[in-house]
Amino acid sequence: MKAQTRSRCLLSAALFMMLPFVVHAQLLKGAGVKIGVNSSNTRITYTRADLQDLKIGTGRRTGINIAGYAEWLTTPVFSIVTQVEYAQRGFSEEAVITLPDNPEPVATAEANSRLDYVSLPVLVKLRLPHANAGPYLILGPRMDFLVNRVAGEFDFSPYVNQLGSLVKESATSGWVDFFADRYLGGTAGVGFASARLAGMLVQLEMRYNFDVADNAEIDLFEAKNRALDLWLGVQF
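A brief structural summary. In this text the structure is predicted, and so the values were computed from the model without any measurement. (Residues numbered from 1 in each chain as written. Predicted model: local features only at pLDDT ≥ 70, side-chain atom pairs only at ≥ 80, totals over all residues. Heavy atoms only, no water.)

Describing the pattern of salt bridges
Point 1. Applying the stated criterion across every chain, the model contains twelve salt bridges.
Point 2. In this structure, Glu-205 engages Lys-34 in a salt bridge whose closest nitrogen and oxygen atoms are separated by 3.1 Å. Residue Glu-205 is found in strand S12 (residues 201–211), and its partner Lys-34 is found in strand S1 (residues 28–46); the two are separated by 171 residues along the sequence. By the burial criterion, Glu-205 is buried, and Lys-34 matches it.
Point 3. What you see here is one network of salt bridges that share partners, running through Lys-34, Glu-85, Arg-89, Arg-142, Asp-144, Glu-205, Arg-207 and Asp-211. (Salt bridge = Lys/Arg side-chain N within 4 Å of Asp/Glu carboxyl O. Helix = DSSP H or I, 4+ residues; strand = E, 2+ residues; numbered from the N terminus. Buried < 20%, exposed > 50% of the residue type's maximum accessible area, 1.4 Å probe, protein only.)

Okay, structure coming up:
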């Protein structure tokens, strides 16, 4: 009798210890890595009424992304994707030099300012019923942490100043110093998953990332990042 009781206790303990692994296996659908490229820009506008007519022109810059992710749940039509990604984003600017007696630009230069983020998106992935391969949609919030900022450098070509001398000038963009260290954003996109090949699922995604609120640290202006990502992923 004691032996049976001991056996039942051991069996119960074994099942209790295995339960987290069973639940984990049921929740985790797969995990993998991704690499990507992005085209990003930042919309910067003055908030003061007397300065709102001044335009701050910014353009797009190209950066790279790397990520690790896990896909959760095994429902017929949706799953949850949690991802940790490193993204090189930012923006470009163009500046000109004019002379007091000549409003036309005598020298122009472009600078590329870089903002590197660690992003934590949590995305709902919608797919066709019971289809692991094929097209899908993704949508969800994202928390971004600014981990590196590099101010762009304007390197003007030589020009003749008002004294008739040939000069070459340089300048540094100052916008990157005023970005918040963290902020909330959102992500929406589409993707396509291949059938499994050698046990791996290949995914191609296009995502649009946007800021939900202003991420500038001062009240003089507001800034909102925008980025278009193209990802290639492998799920094991």
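Comments concerning the pairing of strand S11 (residues 182–193)
Point 1. Bridge analysis of strand S6 (residues 134–150) against S11 gives twelve bridges, and the strand direction is antiparallel. Paired with Asp-144 across the two strands is Tyr-183, which belongs to S11.
Point 2. Where S11 meets S12, nine bridges bridge the pair, whose relative direction is antiparallel. Pairing of Val-190 across the sheet is with Met-206, part of S12. (Pairing = 2+ DSSP bridges.)

A few points about the side chain of Asp-116
Point 1. Its location among the elements puts Asp-116 in strand S5 (residues 102–127).
Point 2. Residues within four places of Asp-116 in sequence aside, it is in contact with Tyr-86, Ala-87, Gln-88, Arg-89, Phe-145, Leu-146, Val-147 and Asn-148. (Contact = heavy atoms within 4.5 Å.)

Topic: the packing of aromatic side chains
Point 1. All told, the structure shown has seven aromatic pairs when counted by the stated rule.
Point 2. Relative to Phe-156, the ring of Phe-154 has its centre 6.3 Å away and its plane inclined at 20°; by these criteria the two rings are stacked.
Point 3. Ring-pair connections join several aromatic residues into one group, and the members of that group are Tyr-46, Trp-175, Phe-178 and Phe-221.
Point 4. It is Lys-34 that lies over the ring of Tyr-69; its NZ or CZ is 4.4 Å from the centre.
Point 5. Lys-125 extends its terminal NZ or CZ atom over the ring of Tyr-136, reaching a point 4.2 Å from the ring centre. (Phe/Tyr/Trp six-rings, centres within 6.5 Å; stacked < 30°, edge-to-face > 60°. Lys NZ or Arg CZ within 6 Å of the ring centre and 35° of its normal.)

Points about the pairing of S12
Point 1. Here S12 shows a buried face lined by Leu-201, Gln-203, Glu-205, Arg-207, Asn-209 and Asp-211 and an unburied face lined by Val-202, Leu-204, Met-206, Tyr-208 and Phe-210.
Point 2. The pairing of S12 with strand S13 (residues 221–235) spans ten bridges and is classified as antiparallel. Bridge pairing in S13 places Leu-201 opposite Gln-235.

Here's the deal with empty space enclosed by the protein
Point 1. In total, this model carries one cavity of 30 Å³ or more according to the counting rule given.
Point 2. Reported here for the largest cavity is a volume of approximately 40 Å³.
Point 3. Forming the boundary of the largest cavity are Arg-89, Arg-142, Asp-144, Tyr-183, Asn-209, Phe-210, Asp-211, Asn-225, Arg-226 and Ala-227.
Point 4. Here the lining of the largest cavity is built from residues that sort into three nonpolar, two polar and five charged. (1 Å grid on protein atoms, 1.4 Å probe; cavity = no way out; pocket = protein on both sides within 12 Å on 5 of 7 lines; lining within 4 Å. Points joined across faces, edges and corners; volume = space filled by probe spheres on them. Nonpolar A, V, L, I, M, F, W, Y, C, P; charged D, E, K, R; others polar.)

Things to note about the environment of Met-200
Point 1. With respect to the helices, strands and loops of the structure, Met-200 is situated in the loop between S11 and S12.
Point 2. For Met-200, a relative accessible area of 31% gives the class partly exposed.
Point 3. Remark: the alpha-carbon pair of Met-200 and Val-234, spanning 34 residues in sequence, is separated by 6.4 Å.

Some points on the side chain of Glu-71
Point 1. Secondary-structure assignment places Glu-71 in strand S3 (residues 61–72).
Point 2. Given the relative accessible area of 1%, Glu-71 is considered buried.
Point 3. A polar contact of 2.6 Å, which involves the side chain of Glu-71, links it to the side chain of Ser-79.
Point 4. Ignoring anything within four residues of it in the chain, the contact list for Glu-71 reads Leu-27, Leu-28, Lys-29, Gly-30, Ser-79, Ile-80, Val-81, Lys-125, Arg-127, Gln-203 and Gln-235. (Polar contact = N/O pair within 3.5 Å; in protein donor to acceptor, adjacent residues only side chain to side chain.)

Topic: the environment of Ala-107
Point 1. Take Ala-107: it is sitting in strand S5.
Point 2. Distance from Ala-107 to Val-96, taken between C-alpha atoms, is 5.7 Å for residues eleven residues apart in sequence.
Point 3. In contact with Ala-107, not counting residues within four places along its chain, are Ala-95, Val-96, Ile-97, Phe-156, Ser-157 and Tyr-159.

Digging into the nonpolar core
Point 1. Of all hydrophobic cores here, the largest spans 13 residues; its most connected members are Ile-44, Phe-91, Leu-115, Trp-175 and Phe-179.
Point 2. Among the nonpolar cores identified, the runner-up in size contains eight residues, and Ile-97, Leu-99, Ala-107 and Tyr-159 belong to it. (Core = buried A, V, L, I, M, F, W, Y, C linked by side-chain atoms within 4.5 Å.)

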